[in-house]
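Chains, contacts and geometry: an overview
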Amino acid sequence: MTEVKDRITSPPEPPPALGLIGWLRWTWRQLTSMKTALMLLFLLALGAVPGSLIPQTPIDPIKVSDFLAAHPKLGPFYDKLGLFDVYKSAWFSAIYLLLFISLIGCVVPRLGVYLKAFRARPPKPPRNLDRLPGYQRFEVDEPGDMLAVATGELRKRRFRVEAYDGAVGAERGYLREAGNLLFHFSLILALVGVAWGSLFGYRGTVLVVVGNGFSNSLAQYDDFSPGRVFNADNLPPFTLTVKDFEAKFQTDGPQRGAAREFKAQLTYQETPDAPEKSYELQVNHPLKLDGSSVYLLGHGYAPRVTVRDGNGQVAFSGPAPFLPQDSNFSSFGVIKAPDARPSQLGFEGFFLPTAVIDQRGPVSVFPDDLNPALVMTAYYGRPQPETGKPQSVYQLDKSKLTQFEKNGDKLRFQLAPGQSVKLPNNAGSLTFDGYSRWVKLQVSHTPGTDLALAGILLAILGLMGSLFIHPRRTWVRVRSEDGRTVVEVAGLDRGPERGLGDELQAITKALRPDRSSTQETP
Amino acid sequence: MTPETYAHVSNLLIPTATVIYALAMVSHAMEWALGRAVVAKAAAVKNEEVLVASAGEHVTGGSAGSSATDDVDEAATGGTERMEAASRIGLLLTWLAFVLHLGGVVTRGLAAGRVPWGNMYEFSITASLAVATVYLIFVHRYKLQWLGLGVTVVVAAVLGLATLALYTPAGPLVPALHSYWLVIHVSAAAISGGAFTVGGLVSVLYLIKARAERRVLAGGTMSASLRRLPSAEAMDGTAYKVLAFAFPLWTFGVLVAGPIWAEYAWGRYWGWDPKEVWSLVTWVVYAAYLHARATAGWRGRRAATIAIVGWFVFIFNFVGVNLLVSGLHSYAGV
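Residues numbered from 1 in each chain as written. Chains lettered and ligands numbered in written order. Predicted model: local features only at pLDDT ≥ 70, side-chain atom pairs only at ≥ 80, totals over all residues.

Describing the overall build of chain B
Note the cut-off: Numbering of helices and strands runs from the N terminus, with a helix taken as a DSSP run of H or I at least four residues long and a strand as a DSSP run of E at least two residues long. In this scheme the burial state of a residue depends on its C-beta neighbours within 10 Å: 20 or more other such atoms mean buried, 12 or fewer mean exposed, and anything in between means partly exposed; the C-beta positions come from the backbone. Contact definition: two residues whose C-beta atoms, as placed from backbone geometry, lie within 7 Å.
Each helix and strand counted, chain B has 10 helices and zero strands in total. Sequence-ordered secondary structure for chain B, helices as α and strands as β, is α-α-α-α-α-α-α-α-α-α. Counting only residues that meet the buried cut, chain B has 49% of its 334 residues in that class. Long-range pairs, those at least 24 residues apart, make up 81% of the contacts in chain B with a sequence separation of at least 6.

Below you can see the structure in the form of structure tokens.
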């Protein structure tokens, strides 16, 4: 950003007394100074930290509500500060917007300065070359065409050379500042790409039971977060069917139960008229469609059950996705039969892929389906009118339900596939027909990704230029002194590089005919 | 050999290397202690000389004074020789430990049948190998012996923690890690992490040396071990070179390779996962370091302090985020 060297040498600026314009100018100068940029960088780093330590709504809304419940005083205070959504909060946005204004205000004027400097010729030699950090001199009898040789040697070393009276001036490393500017401008480009993606992109997730399909429309998503200006009409009209899902787990050794492979077999059509194609969807291998990508995010079990009510009518039938609660896929879920009569019915419990009964009760000890079981309890209640209020399919509203009891205890039953249970008081029955697997898919589109990637790659290129190109100035002067010809070679670095002495020595060696005397100052 | 044999060999080599690094560390610590002693002795003899000179004006002041000066030289020479010997032994032990360490990492990779950085234990042994490699490559070329104590402390500590607290048996990876980006993304992070560590160590020594140089300007003394360090200015240059190498690599590792992989594995290239946040914080701190070096009033001490802060942020990203915070980068296996 702005070099403040020049500003530092001048006395501190007096407080502005120039009215609005002067005050604005002063503010602008402060904002675009390197010290402000440094402060803003530190603020950005500091401001990003809470988001990694406090649960964030966009990442894990359940953790946020848990946190609010656990901290009734601190929670609302955090909420007011935007600490549950740090990266979209006003204060975080303020930091990075100020940083970007500072950045633009700094690099745009520098671009003009650089364009002038780039065309500038290497400067005249200073009067006293021997005061420079690198200096060598030698004497020769015959001057010959020393300056022409020097010009050739310096050009060979990729210096830009300018002839002066009795001397040449040379400079190289013009591209350092170009790299610096490229770095900063490319960062702006990358952020434009990121902003574009967050404005025009979308992301949605959907849970699909194996055997079922999905068509890309808003109503089908479990969860959908569009960019600010995303238009739902732009959803590409693809459909897909999950044909099969296969999971492999480590069966032995200390990492027993660790996931090894997930594969979902899909068939899909990009448009309703397009031919059907198939794809093997895996983690790290998303399905890339025109305008959208489909990712495999997770998987689980969906027990298939049939619920009959007290009248013998089927009140529910089909798979009910249960959500895994631990690494062995003990999966929690509910089955709702609000239309059961005379009482409505509800079930809640666990699907255990490898069920074992230990002192904690029934648990799953392996993620694969080696000994599947359904462990549930059941509720009944008076039929309720349809309210139209949205309800979670993973939770049972028990406020108007009563738990079944058997012999004075809460009713609990464990079923293997194919088994059924009769509810007390002839209220109905539940049959565990079997189970399917489900996959959680994410469908998303993030435009501007290529721009962001190109920006950051160019930024690295520029960065390397600005870090590894070292500007150096060198002069060679030939003058006579007491009838002898004195050749002076001197130089200075404008970066942290070393080896100036070595290069000057090499230049001297190239210029010097043998047997002449040399003096050197380090 | 079977994977089990390789795993067994690796489990023997890593703890052995740890112990030898620790011995190298002790040797380098003695080197520093001997260096301090040289100055302490010289100062003591100097005091004596002053006393003798003032008390014995009319006796044999001259001869007493000269014998005291001889003592100074003798003490200094003997001390310096012992210091050099301790330094050489330390370096020799470091080489020995490095060979075993390298063997341990390679056999670990063979045991698992993949690159040896799939969990926190493996990342620790590989990243510390990167630190040791960088040090040993440059130790002769740039005369980096003065970095021996710092490097052996860090490597022995990391390996010790890895063996005692982070050990995970060798095995295959979870599906999210089945990608060649594992090779690119993690190796870039490990190498730049090794360079951040070296840069941080050099910056710590820079601060110590710069303070000692200021003390000398004010008329104080400097111990032999500090005198043996390069000038503060030269160390500032070394730190800058190492960090200038690390910063573009880190940028590539966490802002290019990481997001590309995240896009494939998690369906988004940036999602403010705790590891991503702290990688960005690390990046911002080192960006501030580079800017500070180009700003009057921030060069030197403040820039070095920023480099040390950056190193701590990197360490926290590796240790704290893996163990204290839950996120998508939960591959610690602990």
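Continuing now.
Observations regarding the overall build of chain A
Put simply, the rule reads: Computation of the radius of gyration draws on C-alpha atoms, with the globule rule given as 2.2 Å multiplied by the number of residues to the power 0.38.
A tally of regular secondary structure across chain A gives 11 helices and 27 strands. Since a compact globule built from 522 residues should have a radius of gyration of about 24 Å, the 37 Å found for chain A marks it as more spread out than a globular shape. Taken along the three principal axes of its C-alpha coordinates, chain A extends 125 × 60 × 55 Å. Out of the 522 residues belonging to chain A, those deemed buried represent 32%. Taking contacts inside chain A between residues at least 6 apart in sequence as the whole, the part at least 24 apart equals 64%.

Some words on the packing of helix H9 (residues 175–200) of chain A against helix H10 (residues 449–468) of chain A
Residue and element names in this part refer to chain A. Going by this rule: The angle between two axes is taken between their N-to-C directions and runs from 0 to 180 degrees, where each axis is a line fitted to C-alpha atoms and a helix contributes only its stretch in contact. In these notes the angle categories are as follows: under 35 degrees is roughly parallel, over 145 is roughly antiparallel, 65 to 115 is roughly perpendicular, and the rest is oblique. For a crossing to be left-handed, the near helix must be turned anticlockwise from the far one by less than a right angle; the clockwise case is right-handed. Three classes are used, and their members are as follows: Ala, Val, Leu, Ile, Met, Phe, Trp, Tyr, Cys and Pro are nonpolar, Asp, Glu, Lys and Arg are charged, and the others, Gly among them, are polar.
Following both chains from N to C, one finds H9 and H10 inclined at 160 degrees, their axes separated by 7 Å at the closest point. Here H9 lies roughly antiparallel to H10, going by the angle between them. Where H9 crosses over H10, the handedness of that crossing is left-handed. For the contact of H9 with H10, the residue count by class is 18 nonpolar, 10 polar and one charged.

Focus on the interface of chain A and chain B
Often, the extent of an interface is quoted as the loss of accessible area upon association of its parts. The partner chain B presents 40 residues to the 47 residues of chain A that form the contact. Elements with a minimum of two residues in the side of chain A that touches chain B: helix H1 (5–9), helix H3 (34–48), helix H4 (50–53), strand E8 (259–269), strand E11 (292–309), strand E24 (428–445) and H10 of chain A. Broken down by element, the residue count for the side of chain A that touches chain B peaks at nine residues, all from H3 of chain A. Taken together, the residues that form the side of chain A that touches chain B break down as 30 nonpolar, 11 polar and six charged.

Some details on the sheet that holds E8 of chain A
All names here are of chain A. Keep this limit in mind: DSSP bridges decide pairing: two strands pair if at least two such bridges lie between them.
Taken in spatial order, the four strands of this open sheet run E5-E7-E8-E9, and their pairing is antiparallel. Two strands in the sheet have a free side with no partner beyond their single neighbour: strand E5 (213–215) and strand E9 (277–281). Neighbouring strand axes in the sheet, compared pairwise and without regard to direction, differ in orientation by 25 degrees on average. Examined bridge by bridge, E8 and E9 share five bridges and lie antiparallel to one another. Counted as the bridge partner of Leu 266 is Tyr 279 from E9.

Considerations on the domain arrangement of chain A
Selection criterion: The split of the chain into domains comes from an automatic or database domain assignment.
The assigned domain composition of chain A is domain 1 (5–115), domain 2 (121–173 + 472–521), domain 3 (199–299 + 442–458) and domain 4 (300–384 + 392–438). One C-alpha centre belongs to domain 1 of chain A, the other to domain 4 of chain A, and the line joining them spans 52 Å.

Examining the domain arrangement of chain B
All names here are of chain B. Per the domain assignment, the segments of chain B are domain 1 (1–116 + 147–172) and domain 2 (173–334). For the side of domain 1 that touches domain 2, the secondary-structure elements that each account for two or more residues are helix H1 (3–55), helix H2 (61–112) and helix H4 (148–166). Looking at the side of domain 1 that touches domain 2, the element that brings in the most residues is H1, giving seven residues. Of the residues contributing to the side of domain 1 that touches domain 2, the split by class is 11 nonpolar, five polar and three charged.

Side note on unusual backbone geometry
Residues and elements named next belong to chain A. Backbone torsion omega between Arg 341 and Pro 342 reads 5 degrees, so that peptide bond is classified as cis. Look at Arg 158: it is not a glycine, yet its phi comes out positive at around 60 degrees. Along the chain, Arg 158 falls in the loop between helix H8 (146–156) and strand E2 (160–164). In this structure, Phe 329 is a non-glycine residue whose phi angle is positive, near 60 degrees. With respect to the helices, strands and loops of the structure, Phe 329 is situated in the loop between strand E13 (323–324) and strand E14 (331–337).

Some thoughts on the environment of Tyr 96 of chain A
Residue placement: Tyr 96 of chain A occurs in helix H7 (residues 90–119). Distance from Tyr 96 of chain A to Gln 442 of chain A, taken between C-alpha atoms, is 29 Å for residues 346 residues apart in sequence.

Structural notes on H9 of chain A
Residue and element names in this part refer to chain A. What counts is decided by this rule: Expected span, for any helix, means 1.5 Å times one less than how many residues it has.
Between its first and last C-alpha, H9 extends 36 Å over 26 residues, near the 38 Å set by a 1.5 Å rise per residue. Residues of H9 that are buried: Asn 180, Leu 181, Leu 182, Phe 183, His 184, Ser 186, Leu 187, Ala 190, Gly 193 and Gly 197. In this structure, the buried residues of H9 make contact with H7 and H10.

Concerning the pairing of E14 of chain A
Put simply, side chains in a regular strand alternate between the two faces of the sheet. Residue and element names in this part refer to chain A. Burial within E14 is extensive, with five of its seven residues counted as buried. With two bridges connecting them, E13 and E14 associate as antiparallel partners. Along E14, the bridge assignment pairs Leu 323 with Phe 332. With antiparallel pairing between neighbouring strands as the criterion, E13 and E14 make up a hairpin whose turn holds six residues, including Phe 329 at a positive phi of roughly 60 degrees. Two elements, E14 and strand E15 (residues 344–352), share seven bridges in a ladder whose sense is antiparallel. Within E15, the position partnered with Phe 332 by the bridge is Phe 350. In textbook terms, the turn of a hairpin is the stretch between consecutive antiparallel strands, and for E14 and E15 this stretch comprises six residues.

Here we look at the pairing of strand E26 (residues 484–493) of chain A
Residue and element names in this part refer to chain A. Here seven bridges tie strand E1 (residues 134–140) to E26, and the two strands are oriented antiparallel to one another. Pairing of Val 140 across the sheet is with Thr 485, part of E26. Count of turn residues in the strand E25 (residues 472–481)/E26 antiparallel hairpin: two residues, of which Asp 482 carries a positive phi of about 55 degrees.

Considering the environment of Glu 139 of chain A
All names here are of chain A. For Glu 139, the position within the fold is in strand E1. Judged by the 16 C-beta atoms lying within 10 Å of it, Glu 139 falls in the partly exposed class. Considered as a pair, Glu 139 and Arg 512 are 373 residues apart in the sequence and their alpha carbons are 8.6 Å apart.

Quick notes on the packing of H4 of chain B against helix H5 (residues 181–217) of chain B
Residue and element names in this part refer to chain B. Contact pair H4 / H5: the axes reach a minimum separation of 10 Å and the direction vectors enclose 135 degrees. Looking at the two axes, H4 sits oblique to H5. In this structure, H4 crosses over H5, and the sense of that crossing is right-handed. Contacts between H4 and H5 involve Gly 150, Val 151 and Val 154 from the first element and Thr 197, Leu 201 and Leu 205 from the second. For the contact of H4 with H5, a count of residues per class yields four nonpolar, two polar and no charged.

Considering the confidence of the model for chain A
The cut-off we apply is this: The score called pLDDT rates the predictor's confidence residue by residue, from a low of 0 to a high of 100.
Taken residue by residue, chain A gives an average pLDDT of 87. The fraction at 70 or more is 94%. Scored below 50 in pLDDT, residues 1–10 of chain A shows 18 contacts in the model against residues more than four places distant or in partner chains.

As for the nonpolar core
Rules: Linking buried Ala, Val, Leu, Ile, Met, Phe, Trp, Tyr and Cys residues through C-beta atoms within 7 Å yields a set, and such a set is a nonpolar core.
Ranked by internal contacts, the top residues of the largest apolar core, which has 169 residues, are Leu 41 of chain A together with Val 131 and Leu 243 of chain B. Here this core takes 18 residues from helix H7 (residues 232–266) of chain B, the largest share from any one element. If we ignore the near neighbours within four places in the chain, the residues touching Leu 41 of chain A are Leu 99 of chain A together with Val 284, Ala 287 and Ala 288 of chain B. In terms of nonpolar packing, the next biggest core, distinct from the first, is built from 19 residues, Val 168, Trp 475, Leu 500 and Leu 504 of chain A among them.

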